[in-house]
Amino acid sequence: MRHLLHMASYSSQTNMHARNLAIVWAPNLLRSKDIEATGFNGTAAFMEVRVQSIVVEFILTHVEQLFGDAPLHGTAQPGKGGNT
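A brief structural summary. (Residues numbered from 1 in each chain as written. Predicted model: local features only at pLDDT ≥ 70, side-chain atom pairs only at ≥ 80, totals over all residues. Heavy atoms only, no water.)

Some remarks on the overall build of the chain
1) Next: If you tally the helices and strands in the chain, you get six helices and zero strands.
2) Next: In the chain, the succession of helices and strands from N to C terminus is α-α-α-α-α-α.
3) Next: Across the 84 residues of the chain, 18% fall into the buried class.
4) Next: Once local pairs closer than 6 in sequence are excluded, the contacts in the chain between residues at least 24 apart make up 56%.
5) Next: When the accessible surface of the chain is split by element, carbon and sulfur atoms take 58% of a total near 6,300 Å². (Helix = DSSP H or I, 4+ residues; strand = E, 2+ residues; numbered from the N terminus. Buried < 20%, exposed > 50% of the residue type's maximum accessible area, 1.4 Å probe, protein only. Contact = heavy atoms within 4.5 Å. Areas by Shrake-Rupley, 256 points an atom, 1.4 Å probe, with all protein chains shown as cover.)

Nothing here speaks to function; it is geometry throughout.
Here's what the structure looks like:
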């Protein structure tokens, strides 16, 4: 999520602000087995993806409140060693 937030910081050049990034990435980040299993198409699939994109946009616009200063997985905390 922090990477997507970083990408959104370039929205003035790319026009990929949080909403656009959410629309593109939501189906991959919040994959719905319901859509795959039942073969939703048309309006039902669109509504499902719309809900997913709203959730991802919310997360992107609230990264600091949700994750705070938590280190990214696989990165070292200062003074603790580990992977970088």
